[in-house]
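If you want the building blocks of each chain, they are given just below.
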Amino acid sequence: MGMNENVSKPLDRLSNELAGDMAAVNALIRERMASRHAPRIPEVTAHLVEAGGKRLRPMLVLAAARLCGYQGDSHVLLAAAVEFIHTATLLHDDVVDESQQRRGRPTANLLWDNKSSVLVGDYLFARSFQLMADTGSMQVMRILANASATIAEGEVLQLTAAQDIATTEDTYIQIVRGKTAALFSAATEAGAVISGVEAPVQQALFDYGDALGIAFQIVDDLLDYGGSTTTIGKNVGDDFRERKLTLPVIKAIAAADDEERAFWTRTIGKGQQDEGDLDTALAILKHRGALDAARADAIAWAERAKAALDLAPAHPLRDILSDLADYVVSRLS
């Protein structure tokens, strides 16, 4: 097994360290999800929020604040704001992707409808801005507002870059920053900023979240071409079927001969997929070393995340965050 033996440890250790704060965050989330006027809102949000998930993003806020010696309770407001932004984007994503399942459960757009998903997502965004304002920190507002803009930008960029086999690795990283890393880095940076630490430490925690988020997404994309359904909560090959240009495919296209290029143009570019195409895609990805190359990239980003933490104060949470970076890529072995 190697690294997989401590698979759940960094997350569990993070949960244990932050248990008191997380209880406060969950209570705040429930309180702010409520709506006197529109009962549909708590119905939909409870479905999502109670579905659990790892609560990774709010934990990153709390961990960064604690690590930087924060004394106060604004970090709880921030953690809830970040979870609301995350949940809002999931609601909108599922509508955009026409998803049927998330974390093995039916999506809100399937259980209710697209209109509810979009509008409740809007409500959660609005709630997150109220929470940010409650912190009274202009700098924190700026960080989370910028992240929200980056997320939206990444989503739109993905619409236009999707299925375009000319998409480069640079564009992919830009999409990933929008989709995943922007909220990770906003979470860790905001936690540092609210603690009043000096700028280099704020930057270090931003860099950690950014690199962790990119590693996290590359791993996700890799598992789609070789993880089991149990580890990823979706079926292997979903990205291929949805014609998503992820890092392994972008690398394979860059190395493709004419025949392979024609294959990618047909299956991803035009979406003409036949029985056996997924197996062919997997064979090409292996043959071109695209999976190994993407794996090496994920590991390099995890190493960058760990290196960024060298500038953070020594603290048990710093070690857990460092292990978390290893854990993210350990899912590949």
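The protein is annotated in an unreviewed UniProt entry as Octaprenyl diphosphate synthase of Paracoccus litorisediminis. For the protein, the Cofactor (unreviewed entry) comment in UniProt is given as "Mg(2+)".

Caption draft 1: Region of interest: the overall build of the protein. Within the protein, the secondary structure is distributed over 17 helices and two strands. Residues classed as buried in the protein amount to 52% of the 333 residues present. The long-range fraction of contacts in the protein, counting pairs at least 24 apart against all pairs at least 6 apart in sequence, stands at 75%.

Caption draft 2: How the structure looks around the environment of Ala19. Inspection of the secondary structure puts Ala19 in helix H2 (residues 19-33). Residue Ala19 is classed as partly exposed on the basis of its relative accessible area, which comes to 41%. With 40 residues separating them in the primary sequence, Ala19 and Met59 have C-alpha atoms 9.5 Å apart.

Caption draft 3: Just the pattern of salt bridges, in detail. Across all of its chains, the model carries 17 salt bridges by this definition. As a salt-bridge pair, Lys244 and Glu242 come within 3.0 Å of each other at their nearest N and O atoms. With relative accessibility at 21%, the residue Lys244 sits in the partly exposed group. Here the salt bridges share partners, and the residues they tie into one network are Glu31, Arg32 and Asp134.

Caption draft 4: Fine view of the environment of Asp277. Relative to the elements of secondary structure, Asp277 occurs in helix H15 (residues 277-287). Asp277 gets classed as buried once you look at its relative accessible area, which sits at 6%. C-alpha of Asp277 to C-alpha of Arg241: the two residues are 36 residues apart in sequence and 9.6 Å apart in space. Residues contacting Asp277, with those up to four places away along its chain left out, are Phe240, Phe263, Arg266, Thr267 and Gln272.

Caption draft 5: Looking closely at the packing of H2 against helix H4 (residues 56-67). Across the interface, H2 lies against H4 with an axial gap of 10 Å and an inter-helix angle of 135°. Judged by the angle between their axes, H2 and H4 are oblique. The handedness of the crossing between H2 and H4 comes out as right-handed. Contact residues: Asp21, Met22 and Val25 in H2; Pro58, Met59, Leu62 and Arg66 in H4. Class assignment of the residues belonging to the contact of H2 with H4 gives a composition of five nonpolar, no polar and two charged.

Caption draft 6: The nonpolar core, seen in detail. Of all hydrophobic cores here, the largest spans 106 residues; its most connected members are Trp264 and Leu324. Ranked by residues supplied to this core, first place goes to helix H9 (residues 169-194) with 13 residues. In this structure, Trp264 is in contact with Ile165, Phe240, Val249, Ala252, Ile253, Ala256, Gly269, Ala281, Ile284 and Leu285, ignoring residues within four places of it in sequence.

Caption draft 7: The arrangement of helix H8 (residues 138-161) in detail. The terminal C-alpha atoms of H8 lie 34 Å apart, and with 24 residues this matches the ideal 34 Å at 1.5 Å per residue to within 8%. On its buried face, H8 is in contact with helix H5 (74-96), helix H7 (114-135) and H9.

Caption draft 8: Quick look at the packing of aromatic side chains. One pass over the structure, following the stated rule, counts three aromatic pairs. With centroids separated by 6.4 Å and ring planes inclined at 10°, the aromatic side chains of Phe240 and Phe263 adopt a geometry described as stacked. Here Phe240 is found in helix H12 (residues 238-241), whereas its partner Phe263 is found in helix H14 (residues 258-269), with 23 residues between them in sequence. Note on accessibility: Phe240 and Phe263 belong to one class, buried. Aromatic side chains Phe263 and Trp264 sit 5.1 Å apart centroid to centroid with 70° between the ring planes, which places their arrangement in the edge-to-face category. Neither residue differs from the other here; Phe263 and Trp264 are each classed as buried. Here the guanidinium or amino end of Arg331 rests over the ring plane of Phe216, the centre of that ring lying 5.5 Å away.

Caption draft 9: Inspection of the side chain of Asp238 at higher detail. Its place among the elements puts Asp238 in helix H12. On the basis of relative accessibility, which here comes to 16%, the residue Asp238 falls in the buried class.

Caption draft 10: Main features of unusual backbone geometry. Positioned with a positive phi, Arg243 is a non-glycine residue whose angle comes to about 60°. With respect to the element layout, Arg243 can be found in the loop between H12 and helix H13 (247-254).

Caption draft 11: Structural detail: H13. Of all eight residues making up H13, seven are buried, and the element is well covered by its neighbours. Elements in contact with the buried residues of H13: H9, helix H10 (199-223), H14, H15 and helix H16 (290-308).

About the cut-offs
- Residues numbered from 1 in each chain as written.
- Predicted model: local features only at pLDDT ≥ 70, side-chain atom pairs only at ≥ 80, totals over all residues.
- Heavy atoms only, no water.
- UniProt positions renumbered as here; feature names shortened; annotations may be inferred.
- Helix = DSSP H or I, 4+ residues; strand = E, 2+ residues; numbered from the N terminus.
- Buried < 20%, exposed > 50% of the residue type's maximum accessible area, 1.4 Å probe, protein only.
- Contact = heavy atoms within 4.5 Å.
- Salt bridge = Lys/Arg side-chain N within 4 Å of Asp/Glu carboxyl O.
- Axes fitted to C-alpha atoms, helices over the stretch in contact; angles between N-to-C directions.
- Parallel < 35°, antiparallel > 145°, perpendicular 65-115°, else oblique.
- Left-handed = near helix turned anticlockwise from the far one by under 90°.
- Nonpolar A, V, L, I, M, F, W, Y, C, P; charged D, E, K, R; others polar.
- Core = buried A, V, L, I, M, F, W, Y, C linked by side-chain atoms within 4.5 Å.
- Expected span 1.5 Å × (residues − 1).
- Phe/Tyr/Trp six-rings, centres within 6.5 Å; stacked < 30°, edge-to-face > 60°.
- Lys NZ or Arg CZ within 6 Å of the ring centre and 35° of its normal.

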